[in-house]
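Each chain, written out:
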Amino acid sequence: MSRMGHVIAIDVGGTHLRAAAYAPDSQIPLKHRRTKSHAPDEKIFDRMAALVEAVWPGEVDAIGVSSPGPLDSRTGVVMATPNIKEWRNFPLTANLMKRFGVPAFLDNDANLAGLAEWKFGAGRGHHDVLYLTVSTGIGGGVILGDRLLQGHHGLAAELGHVTLDPRPSAPLCGCGFRGHLEAFSSGTGIENYVAEQLAAGRKSSLTGRPSARATRDAATMTCFI
Ligand SMILES: [Zn+2]
């Protein structure tokens, strides 16, 4: 069996880009670096490339990238991602392969977090794993029969965008549709719900304390209602 060489892992976030180099079968990075995603007059891809160069360990077999979606993991194209406006149908893996001359792979952050939990974390030893992340949005990753569930467009595990309430009056989701799980149960959804209830005059210890909203501490706010 052939053994893998070094790999580079990249995490794309709306605030930070991170890159790390790993030796075969090691979970401890040889080198890792972080930088802000956005800077004036500089493209995000160029900042990412500089980061990869900073951790490049000499010989690399492949680059793996985790990014918020929606994206197409088969073609390596980021369709659109809310905090990175300059990437619209951006062929990320093609650009990485051209720049660094090694194969590059892309998937969404929740899928890869689910895969990591299945392989190294809480899901180790299980054949079927459901991973959910609840923060500003809601993301999901599903392992079925020891395989990451992708679906036709790689969107099978977009669990935050499952419709719970089909009515036109349902709360608006970050994706532009209404009534999705994320519109109710994400940090943003809970915060919006609390703000709406306060605006409608519902009595709460938060009434008249707009600063609580400014802290975006939605979980705390719901505790006070
Ligand atoms: Zn949605």
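Conventions adopted
- Residues numbered from 1 in each chain as written.
- Predicted model: local features only at pLDDT ≥ 70, side-chain atom pairs only at ≥ 80, totals over all residues.
- Heavy atoms only, no water.
- Helix = DSSP H or I, 4+ residues; strand = E, 2+ residues; numbered from the N terminus.
- Buried < 20%, exposed > 50% of the residue type's maximum accessible area, 1.4 Å probe, protein only.
- Contact = heavy atoms within 4.5 Å.
- Areas by Shrake-Rupley, 256 points an atom, 1.4 Å probe, with all protein chains shown as cover.
- pLDDT = per-residue confidence, 0-100.
- Pairing = 2+ DSSP bridges.
- Axes fitted to C-alpha atoms, helices over the stretch in contact; angles between N-to-C directions.
- Expected span 1.5 Å × (residues − 1).
- Donors = N, O, S within 2.8 Å, 3.2 Å for Na, K, Ca; no water.
- Tetrahedral: all angles 85-135°; square planar, octahedral: opposite > 155°, others 65-115°.
- Parallel < 35°, antiparallel > 145°, perpendicular 65-115°, else oblique.
- Left-handed = near helix turned anticlockwise from the far one by under 90°.
- Core = buried A, V, L, I, M, F, W, Y, C linked by side-chain atoms within 4.5 Å.

Observations concerning the overall build of the chain
- Summing up its helical and strand segments, the chain has 7 helices and 11 strands in all.
- Relative to its full complement of 225 residues, the chain shows a buried share of 35%.
- Long-range pairs, those at least 24 residues apart, make up 45% of the contacts in the chain with a sequence separation of at least 6.
- Counting only carbon and sulfur atoms, one obtains 57% of the accessible surface of the chain, whose full area is about 13100 Å².

Some thoughts on the confidence of the model for the chain
- Confidence along the chain averages 87 in pLDDT terms, with 88% of residues attaining 70 or more.
- Looking over the chain, one finds the lowest element-wise mean pLDDT in helix α7 (residues 218-224), namely 47, and the highest in helix α2 (residues 92-100), namely 98.
- For residues 218-225, every residue scores under 50 in pLDDT, and the model assigns this stretch 17 contacts once sequence neighbours within four places are set aside.

Examining the pairing of strand β6 (residues 77-81)
- One ladder, built from 2 bridges, connects strand β5 (residues 71-72) with β6; its direction is antiparallel. Residue pairing across strands places Leu71 opposite Val78, the latter belonging to β6.
- In this structure, the hairpin formed by β5 and β6 is closed by a connection of 4 residues, where Gly76 is found at a positive phi of approximately 75 degrees.
- Inspection of the sheet shows β6 paired to strand β7 (residues 84-91) by 4 bridges, in the antiparallel sense. If you follow Thr81 over to β7, its bridge partner there is Ile84.
- Between β6 and β7, which pair antiparallel and follow one another directly, the connecting turn spans 2 residues.

Notes on the sheet that holds β5
- With respect to topology, 3 strands assemble into an open sheet ordered β5-β6-β7, the strand pairing being antiparallel. Only two strands of the sheet have a single neighbouring strand rather than two, namely β5 and β7.
- Each of β6 and β7 touches α2; the most contacted strand, β7, lies at about 75 degrees to it.

A look at helix α1 (residues 44-55)
- Compared with an ideal rise of 1.5 Å per residue, which puts 12 residues at 16 Å, α1 spans 17 Å between its outermost C-alpha atoms and is within 8% of the ideal.
- Those residues of α1 lying buried are Ile44, Phe45, Arg47, Met48, Ala49, Leu51, Val52 and Val55.
- For α1, the secondary structure elements touched by its buried residues are β1 (6-12), β2 (16-22), β3 (31-36), β7 and α2.

A word on the coordination of the zinc ion
- Bound to the zinc ion on the protein side are His161 (ND1), Cys173 (SG), Cys175 (SG) and His180 (ND1), at distances that span 2.0 to 2.3 Å.
- Its 4 donor atoms give the zinc ion angles of 99 to 117 degrees at the centre, a pattern that matches the tetrahedral case.
- Residue Cys173 is classed as buried on the basis of its relative accessible area, which comes to 4%.

Let's talk about the environment of Glu53
- Checked against the element boundaries, Glu53 lands in helix α1.
- Relative accessible area serves as the criterion here: at 47%, Glu53 is assigned to the partly exposed category.
- Placed 47 residues apart in sequence, Glu53 and Phe100 show a C-alpha to C-alpha distance of 9.1 Å.
- When neighbours within four sequence positions are excluded, Glu53 is seen to be in contact with Arg99 and Phe100.

Some remarks on unusual backbone geometry
- The omega angle of the peptide bond from Gly69 to Pro70 is 0 degrees, so this bond is cis rather than trans.
- Mapped onto the secondary structure, Pro70 falls in the loop between β4 (60-67) and β5.
- Even without being a glycine, Asp25 presents a positive backbone phi close to 60 degrees.
- Its location among the elements puts Asp25 in the loop between β2 and β3.
- Backbone geometry at Asp41 places phi at a positive 60 degrees, although glycine is not the residue there.

Quick word on the packing of α1 against α2
- Across the interface, α1 lies against α2 with an axial gap of 11 Å and an inter-helix angle of 45 degrees. Taken together, the axes of α1 and α2 are oblique relative to one another. Pair α1 / α2 crosses with right-handed handedness. From α1, Phe45, Asp46, Met48, Ala49, Val52 and Glu53 reach across to α2, where they touch Leu92, Asn95, Leu96, Arg99 and Phe100.

Some words on the nonpolar core
- By size, the foremost hydrophobic cluster in this structure holds 27 residues, and its most contacted members are Ile10, Met48, Ile63, Trp87, Leu92 and Leu96.
- Elements represented by at least two residues in this core include exactly β1, β2, α1, β4, β7, α2 and β8 (104-108).
- Counting residues per element, this core draws most heavily on α1, which supplies 7 residues.
- Look past the residues within four positions of Ile63 in its chain and what remains in contact with it is Ile8, Ile10, Trp56, Leu96, Phe100, Val102, Pro103, Ala104 and Phe105.

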